[in-house]
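Close look at the chain arrangement
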Amino acid sequence: MRQGQHRVLQGHPWVFQGEFQDLPEDMAPGEIVQVADARGRLVGSGYANPASSILVRILTRGDREPDQEWAQERLRAAVAMRRQDLTDTADMRLVHAEADGLPGLVLERMAGYAVVSPDTLGAQEVLLPWLFDDIKALGPEGVVLRAVSPSRQHEGLGLELRMLAGDPPKGPVEVHEEGVVYLVDLLGGQKTGHYFDQRRNRARVGALSAGRRVLDVFSYTGGFALHAALGGASHVTAIDSSREALSALSRNAERNAASIEAREENAFDALRALSQARERFDMVVLDPPPFARGRGHLPAALRAYKEVNLRAMRLLPRGGILCTASCSHAVSGDDFLGAVRAAAADAGFSGRILGAYGADGDHPVRVEIPETDYLHCLMLEKE
Ligand code: SAH
């Protein structure tokens, strides 16, 4: 590596193409390579992908070579940590990639199936073969390869969705989350899955919903709306631009005997129309997709967060609650709070921050990897 790669020396696993001084000419995709610092001292070993801007993801430090036994240790540690922290649910994320020391590899358990999502070439071709037998043991019903992340294109990989072991589920499976059941199509596309990271924040919304008119914007398959309905909301409206997500939402509402009004609309337009019509909601949830896909998109993303929050704030009466989230890796907690503050100033919104939350415990945050602290959720009460 060139001089001054403090981030990597302090434990961050990513080494970008431009950070290398000397490179061997014939580096094969998925090859395990050693990385040395500017003075030639060994830093560690990782897998390489010449097609990715992140040329090497470091797996082990010092002279320990990554091998199957090392990977199995990492997996065991990841599962053990969750057994301790999340004892009340079997459905969860078991491996959160870099945050669990297994770069690019995401593993979830849903209804007895192990669902594996390799986001990088190294995760797919190096880590997955090493861990396959252990993963099979974690998913007695079968193993699903659910490689549908758009980020795979940066690794030169296409999308893949198929069984790796066991029989395909006959229909949607049931994922349990704090008293709510979500029907998930394991072999369906991105629009019918389930995100575990907001688990605790959804429960927080559920606990504050009794008697309130709740609006869930960017509802997807009803993550928040269902918790609000089961928490005793007097009325729940969900808005999303995806028809597929909303039809999964209706199916979920039926399964949970919940009543939710679903509207297929662009969130920005819908919020403006609602405020022009002088509609009021006692609680608004905003959980948009990542507005910033990279650092370069930060200013535009912060404007979008400000705008959508401003429009939501206009719908809240005194005592109303706003639950607002950002899941953009490039947006820090401070950036996001800044955007929400700017929206509040313009909307004439004043009140208390009831809480500032992150992702639930199956999405660990590592101090040396800022990108793992990607989910920011603020709960505010208007005075
Ligand atoms: N709150 C959800 C997750 C939201 S994911 C949960 O708890 O499970 C983001 C959602 O925003 C997706 O369903 C996507 O279809 C929707 N979306 C993206 N852009 C949108 C827009 N401009 N208007 C409305 N919905 C949008």
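Residues numbered from 1 in each chain as written. Predicted model: local features only at pLDDT ≥ 70, side-chain atom pairs only at ≥ 80, totals over all residues. Heavy atoms only, no water.

**Here's the deal with the pattern of salt bridges**
As a reminder, the rule being used: Basic side-chain nitrogens of Lys or Arg form a salt bridge, by our definition, when they fall within 4 Å of a carboxyl oxygen of Asp or Glu. Helix numbering and strand numbering both begin at the N terminus, where a helix is a DSSP run of H or I of at least 4 residues and a strand a DSSP run of E of at least 2. Categorising residues by exposure relies on relative accessible area from a 1.4 Å probe, with only protein chains included: less than 20% of the type maximum marks a residue as buried, more than 50% marks it as exposed, and the intermediate range marks it as partly exposed.
All told, the structure shown has 22 salt bridges when counted by the stated rule. Note that Glu264 is salt-bridged to Arg243, the shortest N-O span being 2.8 Å. Here Glu264, found in strand β14 (residues 261-264), pairs with Arg243, found in helix α6 (residues 243-255); they are 21 residues apart in sequence, far enough to count as distant. Glu265 is the partner of Arg263 in a salt bridge, and the nearest nitrogen-oxygen pair spans 3.0 Å. We classify Arg263 as partly exposed; its relative accessible area is 26%.

**Considerations on the nonpolar core**
As a reminder of what qualifies: We define a nonpolar core as any set of buried Ala, Val, Leu, Ile, Met, Phe, Trp, Tyr and Cys residues linked to one another through side-chain atoms lying within 4.5 Å. Where each domain starts and ends comes from a domain assignment, either automatic or drawn from a database.
In terms of nonpolar packing, the biggest core is built from 34 residues, with Leu186, Val205 and Ile260 touching the most fellow members. The element contributing the most residues to this core is helix α5 (residues 223-230), with five residues. Mapping this core onto the domain boundaries places at least three of its residues in each of domain 2 (68-170) and domain 3 (177-382). Among the nonpolar cores identified, the runner-up in size contains 32 residues, and Ile239, Ala301, Ala312 and Leu315 belong to it.

**So, the sheet that holds strand β9 (residues 160-165)**
Condition: Two strands pair under a simple rule: DSSP has to find at least two bridges between them. Inter-axis angles, ranging from 0 to 180 degrees, are taken between N-to-C directions of lines fitted to C-alpha atoms, where helices are fitted over the stretch in contact.
One open sheet holds the five strands; their spatial order is β5-β6-β7-β8-β9, and the pairing between them is mixed. Sheet topology places β5 (92-96) and β9 at the edges, where each strand pairs with a single neighbour. Neighbour-to-neighbour, the strand axes of this sheet turn through a mean angle of 20°, independent of strand direction. In the sheet, strand β6 (residues 105-110) pairs with strand β7 (residues 113-118) via six bridges, with the strands oriented antiparallel. Residue pairing for β7: Arg109 is matched across the bridge by Ala114.

**Concerning a negative patch on the surface**
Counted only if it meets this: Two distance rules govern patches: like charges are joined within 9 Å, and nonpolar side chains (Val, Leu, Ile, Met, Phe, Trp, Tyr) within 5 Å, applied only to residues with over 30% relative accessible area and no salt bridge. Note on areas: these come from Shrake-Rupley sampling with a 1.4 Å probe, and a residue is covered only by the protein chains present in the view. Just so you know, the count uses Lys and Arg for positive and Asp and Glu for negative, and it drops His and the chain ends. A single reference atom marks each charge: NZ on Lys, CZ on Arg, CG on Asp, CD on Glu.
Taken together, the side chains of Asp63, Glu65, Asp67 and Glu69 make up a negatively charged region of the molecular surface. Look at Asp67 and you get partly exposed, because its relative accessible area is 31%.

**Examining the pairing of β7**
Test applied: By definition, the crossover connecting two strands over a helix is right-handed if that path, from the first strand to the second, turns clockwise as seen with the strands pointing away from the viewer.
For β7, the tally of buried residues reaches six of six residues, placing the bulk of the element in the interior. Neither face of β7 is left uncovered, since the one carrying Tyr113, Val115 and Ser117 and the one carrying Ala114, Val116 and Pro118 both have all their residues buried. The parallel pair β7 and strand β8 (residues 142-147) is bridged by helix α3 (residues 121-138), and the resulting crossover is right-handed.

**Focus: the domain arrangement of the chain**
Counted only if it meets this: Buried area, as used here, totals the accessible surface that two parts lose on assembly, with accessibility defined by a 1.4 Å probe and the loss added over both. Definition of a polar contact: a pair of N or O atoms within 3.5 Å, with one able to donate and the other able to accept a hydrogen when the atoms are protein atoms, and with sequence-neighbouring residues admitted only if both atoms are side-chain atoms.
Taken domain by domain, the chain holds domain 1 (5-61), domain 2 (68-170) and domain 3 (177-382). Using C-alpha coordinates to define each centre, domain 1 is positioned 24 Å away from domain 2. Between domain 1 and domain 2 the total buried area reaches about 1,000 Å² when both faces are included, carbon and sulfur atoms providing 64% of it. Taken together, domain 1 and domain 2 are joined by two salt bridges. Of the charged contacts, one joins Arg57 and Glu98 as a salt bridge, the two residues approaching to 2.7 Å between their closest N and O atoms. Across the contact surface, domain 1 and domain 2 share seven residue pairs in polar contact (both at pLDDT 80 or more). Taken together, the elements giving at least two residues each to the side of domain 1 that touches domain 2 come down to β3 (42-48) and β4 (54-61). Element by element, the count of residues in the side of domain 1 that touches domain 2 is highest for β4, at four residues.

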